[in-house]
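# What the coordinates show
Chain by chain, the residues run as shown.
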Amino acid sequence: KLQGLVSLDLSDPADSCSEEALIELVKVVGPKLEKLNLSGHTSITDNFLDQALKEHTTSLKSLALNNLPEITDQGVGALFSAWREAGVSLTALEMARNHNLGDEALTNLLACTGPSLSYLTINGWSSTTQETLSAIGARARELRKLDIGWNREVDDLVIRSIMDGCELLSEVKCWGCNKLTVNCPRKVSAICLSRLRR
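The residue count restarts for each chain, going from 1 along the sequence in the order it is written. For a predicted model such as this one, the threshold for reporting local features is a pLDDT of at least 70, and the threshold for listing and counting side-chain atom pairs is 80 or more; totals across whole chains, interfaces and linings nevertheless cover every residue. In computing side-chain values, all of the structure's heavy atoms are included and hydrogens and water are not.

Let us now look at the overall build of the protein chain. Only DSSP runs of H or I covering at least 4 residues are called helices, and only runs of E covering at least 2 are called strands; the numbering of each starts at the N terminus. Counting its secondary structure elements, the protein chain contains 8 helices and 7 strands. Based on C-alpha atoms, the radius of gyration is set beside the globule rule, defined as 2.2 Å times the residue count to the power 0.38. In terms of overall size, the protein chain behaves like a compact globule, its C-alpha atoms giving a radius of gyration of 18 Å where 198 residues would be expected to give roughly 16 Å. Dimensions along the principal axes, computed over C-alpha positions, put the protein chain at roughly 60 × 35 × 30 Å. Contact definition: two residues touch when any of their heavy atoms are within 4.5 Å. Contacts spanning at least 24 positions in sequence make up 83% of the contacts within the protein chain whose residues lie at least 6 apart. Residue exposure ignores everything except the shown protein chains as possible cover, and the areas themselves are Shrake-Rupley values with a 1.4 Å probe. Accessible area of the protein chain: about 10100 Å², with a carbon and sulfur share of 49%.

Turning our attention to the side chain of Asp155. Checked against the element boundaries, Asp155 lands in the loop between strand 6 (145-147) and helix 7 (156-165). One buried charge, Asp155, has no salt-bridge partner; the nearest side chain with opposite charge is Lys179, at 6.2 Å. A distance of 3.0 Å separates the side chain of Asp155 from the side chain of Gln130, its partner in a polar contact. Setting aside residues up to four positions removed in sequence, Asp155 forms contacts with Gln130, Lys179 and Leu180. Here's how the labels work: a residue is buried when its accessible area is under 20% of the maximum for its type, exposed when over 50%, partly exposed in between, all with a 1.4 Å probe on protein chains only. Residues counted as positive are Lys and Arg, residues counted as negative are Asp and Glu, and His and the chain ends are not counted. Any Lys or Arg side-chain nitrogen located within 4 Å of an Asp or Glu carboxyl oxygen qualifies as a salt bridge. Polar contact is defined as a pair of N or O atoms within 3.5 Å, subject to the rule that within protein one atom must be able to donate a hydrogen and the other to accept it, and that residues adjacent in sequence are counted only when both atoms are side-chain atoms.

Within a sheet, neighbouring strands are paired by backbone hydrogen bonds and run either parallel or antiparallel to one another. For two strands to be treated as a pair, DSSP must find no fewer than two bridges joining them. Reading across the sheet, the 7 strands line up as 1-2-3-4-5-6-7 and stay open at both edges, with parallel pairing between neighbours. Every interior strand has two partners, whereas the edge strands, strand 1 (7-9) and strand 7 (171-173), have only one. Neighbour to neighbour, the strand axes of the sheet diverge by 5 degrees on average, direction disregarded. Direction of pairing for strand 1 relative to strand 2 (residues 35-37): parallel, over a ladder of 3 bridges. Paired with Ser7 across the two strands is Lys35, which belongs to strand 2. Orientation is described by lines fitted to C-alpha atoms, with helices fitted over the stretch in contact, and by angles between N-to-C directions that extend from 0 to 180 degrees.

It is worth spelling out helix 1 (residues 19-29) at this point. What helix 1 keeps buried is the set Glu19, Leu22, Ile23, Val26 and Val29. Angularly, the buried residues of helix 1 cover 145 degrees about the axis, an arc narrow enough to put them on a single face. In this fold, the buried residues of helix 1 make contact with strand 1 and helix 2 (46-56). Each direction from the helix axis to a C-beta atom contributes to the arc, which is the arc of those directions.

Turning our attention to the state of the cysteines. Disulfide assignment relies on a single distance test, namely cysteine sulfur atoms paired within 2.5 Å. A complete count under the given rule lists 0 disulfides for this structure. Cys166 takes part in no disulfide bond, and the closest cysteine sulfur, belonging to Cys174, lies 14 Å away. Cys174 provides the cysteine sulfur closest to Cys177, a residue in no disulfide bond, and the two sulfurs are 5.4 Å apart. Note on Cys177: relative accessible area 6%, which makes it buried.

With 51 residues, the main nonpolar core has Phe48, Trp83 and Ile136 as its most contacted residues. Each residue touching Ile136, except ones within four places of it in the same chain, is listed here: Leu106, Leu110, Ile122, Leu143, Leu146, Ile148, Ile162 and Cys166. To qualify as a nonpolar core, a set must consist of buried Ala, Val, Leu, Ile, Met, Phe, Trp, Tyr and Cys residues joined through side-chain atoms within 4.5 Å.

Inspection of the entire model under this criterion finds 5 salt bridges. Salt-bridge contacts for Glu24 lead to Lys27; the nearest nitrogen and oxygen are separated by 3.8 Å. You can see Glu24 and its partner Lys27 sitting in helix 1, 3 residues apart, about one turn around the helix.

In this section: the packing of aromatic side chains. Ring pairs (aromatic) are described by centroid distance and by the angle formed between their planes. By convention, a stacked pair of Phe, Tyr or Trp rings (six-membered ring in the case of Trp) has centres within 6.5 Å and planes under 30 degrees apart, an edge-to-face pair has planes over 60 apart, and any other such pair is tilted. Enumeration according to the criterion identifies 1 aromatic pair in this entry. The interplanar angle of 85 degrees and the centroid separation of 5.6 Å between the aromatic rings of Phe80 and Trp83 together place this pair among those described as edge-to-face. With Phe80 and Trp83 both in helix 3 (residues 73-86) and 3 residues apart, the pair spans about one turn of that helix.

Our focus in this paragraph is the packing of helix 1 against helix 2. Where helix 1 contacts helix 2, the axes come no closer than 9 Å and their chain directions differ by 5 degrees. Of the possible angle classes, the one that applies to helix 1 and helix 2 is roughly parallel. Listed contacts from helix 2 to Glu19, Leu22, Ile23, Val26 and Lys27 of helix 1 are Asn47, Phe48, Gln51, Ala52 and His56. Throughout this entry, Asp, Glu, Lys and Arg are counted as charged residues, while Ala, Val, Leu, Ile, Met, Phe, Trp, Tyr, Cys and Pro are counted as nonpolar. The remaining residues, Gly among them, count as polar. Considering only residue class, the contact of helix 1 with helix 2 consists of 5 nonpolar, 3 polar and 2 charged. In this scheme, roughly parallel covers angles under 35 degrees and roughly antiparallel covers those over 145, while 65 to 115 is roughly perpendicular and the rest are oblique.

Here is the structure:
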């Protein structure tokens with residue numbers, strides 16, 4: 001019966017499951033999973049990405065891996081590189097509070113699944129550069145919601161490039177981005193404009 005699961009949420013446990021147990025679980029239920037949330041399982045390392053996610057979850061559409069302090073930029077980058085070859089195409093990705101992640105992970109995830117993403121959270125990535133952040137606008141044009149808070153290199157130009165490229169954006173969260181100024185670009189809906197004119 002477990003092999004027919006399409007959605008699995010084991011997020012934010014009081015105590016993290018062991019990485020070995022999670023690997024074995026995903027090997028069983030992963031092939032048909034479309035939605036997976038393992039946020040807060042602090043035992044997860046790059047080994048889980050390689051042994052479980054890379055080969056056994058290629059049907060995923062939504063993935064949440066928030067607050068996994070042991071995963072690395074190289075490990076996440078390698079996962080998305082492999083998924084690109086496998087044709088994985090996510091619509092929603094949450095990877096907030098993973099402070100070791102940066103350019104390699106972001107570059108490869110945009111190359112793999114950028115065109116299909118409508119929701120992306122990379123809050124708290126510490127090693128992203130302005131150049132790579134700006135690529136979001138060119139590589140993820142279907143985005144509706146984006147959280148890039150606490151990415152240190154986000155500035156007005158990064159926000160402008162994202163907004164210019166992602167015309168469907170309805171929400172951008174950029175709390176903790178200290179390089180933003182009062183000149184940061186904003187969008188005002190046609191409805192808001194019509195109300196202002198009355």
